[in-house]
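# Overview (structure and organization)
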Amino acid sequence: MRTLTRAGALVAGISAALLIAPTAAHATVPGDNGTVKIHDATTGDELRKNEPHVCTFYLDAFGFDGVQEVDWHIEAWAPTADSKGETVKSGEITLDAEGHGRTNDLSLPDGHYKLFWNFDGEKGAAKHKVFWTDCEDSGGGGSTPSTPSASASPSSTVGESASPTPSASSSSGEAAPSVSSSPSAQGGGDLAETGSSAPVGLLSAAAAALVGAGGYLVFRRRKAGQN
């Protein structure tokens, strides 16, 4: 009877050990229970949802061991990578006492990338995330070039308006000689009148001479008739 009791106690102890062992083993594995997310720079670091399409972004870690040290790097990834696996950005971070931490804001050219998150006590492969950067929508730069072109057109207008000013002054300079030439024209008129008066005097003298000659002839005829 005692033998059966001891055997039952032994079996119960072994069974309990087998049940507790996996839990204890899992609890002793550091770091593998954490997760890392890609967040847009405008997203709060309390959000635990991954955002795979971003422009400026940061890396946000949750649930790791307290004060755990992490090394991370980002590789260019297909289909946009010229050479897949090339590291384009890297860094390190120490998480807080609750196993949470975030990097500074990061930026990359538009394309497809993969994050590799390595930490102390990891077991197996690094944690990873694939994501896209796409800043094409922030094209406000299109309106910026139009501002210089708009300012350029007024400057050319000013240049055009300035050039007629000297020509206007030159034309006013030409106007002065034309005004002075008008008195010469008037002077020419006076000369014409003086010249026309000379023939009139000659004609008057000739007429007087003819009248005198005619009177003389009439006088001689009368005298001849009396004789």
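Above this text you will find the structure in question.
Note that this is a predicted model, so its numbers are computed, not measured.

### Points about the nonpolar core
- Ranked by internal contacts, the top residues of the largest apolar core, which has 20 residues, are F57, L59, W72, I74, L115, W117 and F131.
- Elements supplying a minimum of two residues to this core: β1 (35-40), β3 (57-62), β4 (69-76) and β7 (111-119).

### What to know about the side chain of D40
- Of note, D40 is situated in strand β1.
- Buried charged residue D40 carries no salt bridge. Nearest counter-charge: R102, at 9.7 Å.

### Examining the packing of aromatic side chains
- All told, the structure shown has five aromatic pairs when counted by the stated rule.
- Geometrically, the ring pair formed by F64 and W117 is tilted, given 6.2 Å between the ring centres and 40° between the ring planes. In this pair, F64 is assigned in the loop between β3 and β4 and W117 in strand β7, connecting sequence segments 53 residues apart.
- What makes F64 buried here is its relative accessible area of 4%.
- By relative accessible area, W117 is classed as buried at 0%.

Each value, and the rule that gives it
- Residue indices follow the written sequence of each chain, beginning from 1 at its first position.
- Note on the predicted model: pLDDT of at least 70 is required for a residue's local features to be given, and 80 or more for side-chain atom pairs to be given and counted; whole-chain, interface and lining totals, by contrast, use all residues.
- The side-chain quantities take in all heavy atoms of the structure and omit both hydrogens and water.
- Note on terminology: a nonpolar core comprises buried Ala, Val, Leu, Ile, Met, Phe, Trp, Tyr and Cys residues joined through side-chain atoms within 4.5 Å.
- To sort residues, take the accessible area from a 1.4 Å probe on protein chains only and compare it with the maximum for the residue type: under 20% means buried, over 50% means exposed, and anything in between is partly exposed.
- Helix and strand labels come from DSSP, where a helix needs a run of H or I of at least four residues and a strand needs a run of E of at least two; each type is numbered from the N terminus.
- The charged-residue count follows a simple rule in which Lys and Arg add positive charge and Asp and Glu add negative charge, with His and chain termini not counted at all.
- For this document, the term salt bridge refers to a Lys or Arg side-chain nitrogen within 4 Å of an Asp or Glu carboxyl oxygen.
- Classification of ring pairs uses Phe, Tyr and Trp, with its six-membered ring standing for Trp, and accepts pairs whose centres are within 6.5 Å; under 30 degrees between planes counts as stacked, over 60 as edge-to-face, and the remaining range as tilted.

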